[in-house]
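Descriptive analysis of the structure
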Amino acid sequence: MPDPSPSAKRQALRAAGTFNPRHARVRNPLFQSSEFFDPQDLLQLKYESLRAVQQEQYSLARAASEFGLSRPTLYQAQAHFAAQGVEGLLPGKRGPRKAHKLTPEVLQFLEQVRAAEPSLSVRQLADRLRQRFKFKVHPRTVEKALSQPKAKRGRQK
């Protein structure tokens, strides 16, 4: 049976990426003295704020203020909810989605250098990229890019 303690719930919310670090800013009466409505649960806050805007005719500014959220957060939540339902309110994966530095030009340069000097290590190839294009790429990224079939490499334009 799951641990019902507040610290266990806080840990679970953090692990899911739905912990609200600004829970002290929540002023909506639903979240003041309820066991069900938790100001630390960001997913619940977003949903209830959208419900207040839709069903109770709250303005977005009022909902943002009472639920301790920013207006841009609510606009984003509205768009995601309209597109994906409740799943849209869950946090997405953070960071780049693919190897965004490895453009076709960069990959072509790598292939040319590799063909001209096949004895270079991936670390040396990464150094050459840094010298030529003025950005860092981890050697493992270079290794993975060169081991993939050409059709799957780099950013598609």
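This text gives an overview of the structure that appears in the document.

Cut-offs used in this document
- Residues numbered from 1 in each chain as written.
- Predicted model: local features only at pLDDT ≥ 70, side-chain atom pairs only at ≥ 80, totals over all residues.
- Heavy atoms only, no water.
- Helix = DSSP H or I, 4+ residues; strand = E, 2+ residues; numbered from the N terminus.
- Buried < 20%, exposed > 50% of the residue type's maximum accessible area, 1.4 Å probe, protein only.
- Contact = heavy atoms within 4.5 Å.
- Polar contact = N/O pair within 3.5 Å; in protein donor to acceptor, adjacent residues only side chain to side chain.
- Core = buried A, V, L, I, M, F, W, Y, C linked by side-chain atoms within 4.5 Å.
- Phe/Tyr/Trp six-rings, centres within 6.5 Å; stacked < 30°, edge-to-face > 60°.
- Salt bridge = Lys/Arg side-chain N within 4 Å of Asp/Glu carboxyl O.

Let's talk about the environment of Val106
Among the secondary structure elements, Val106 is positioned in helix 5 (residues 104–116). Taking relative accessible area as the criterion, Val106 reaches 2% and is therefore assigned buried. Not counting chain neighbours up to four residues away, the residues in contact with Val106 comprise Lys101, Leu129, Phe133 and Phe135.

What to know about the environment of Ser70
One can find Ser70 in the loop between helix 3 (60–67) and helix 4 (71–84). C-alpha separation for the pair Ser70 and Leu60, spaced ten residues apart in sequence, amounts to 9.3 Å. At 2.7 Å, the side chain of Ser70 and the side chain of Thr73 are in polar contact.

Things to note about the nonpolar core
Among the nonpolar cores identified, the biggest contains 15 residues, and Leu102, Leu110, Leu125, Leu129 and Val142 are the most heavily contacted of them. Those elements that provide at least two residues to this core are helix 5, helix 6 (122–133) and helix 7 (139–147). Among the elements that line this core, the one with the most residues is helix 5, at five residues. Sequence-distant contacts of Leu129, defined by excluding residues within four places in its chain, comprise Val106, Phe109, Leu110, Lys134, Phe135, Val137 and Val142. Leu45, Val53, Tyr58 and Phe67 belong to the second largest nonpolar core, which has 14 residues in total.

Some points on the packing of aromatic side chains
The full count for this structure, using the stated rule, is six aromatic pairs. An angle of 65° between the planes, with centres 5.4 Å apart, marks the rings of Phe31 and Phe37 as edge-to-face. Measuring from centroid to centroid gives 6.0 Å for Tyr47 and Phe81, while their planes differ by 70°, and the two rings are edge-to-face. Placement of Tyr47 in helix 2 (residues 42–55) and of Phe81 in helix 4 is noted, with a sequence separation of 34 residues between them. Relative accessible area serves as the criterion here: at 36%, Tyr47 is assigned to the partly exposed category. Each member of the aromatic cluster is reached from another via a ring pair, and the members are Phe31, Phe36, Phe37 and Phe67.

Regarding the pattern of salt bridges
Using the criterion set out here, one finds seven salt bridges in the structure. Across the pair Glu117 and Arg128 runs a salt bridge whose closest N-O atoms are separated by 2.9 Å. With Glu117 in the loop between helix 5 and helix 6 and Arg128 in helix 6, this pair connects stretches of sequence that are eleven residues apart. Judged by its relative accessible area of 32%, Glu117 is partly exposed. For the salt bridge of Arg130 with Asp127, the shortest nitrogen-to-oxygen distance reads 3.1 Å.

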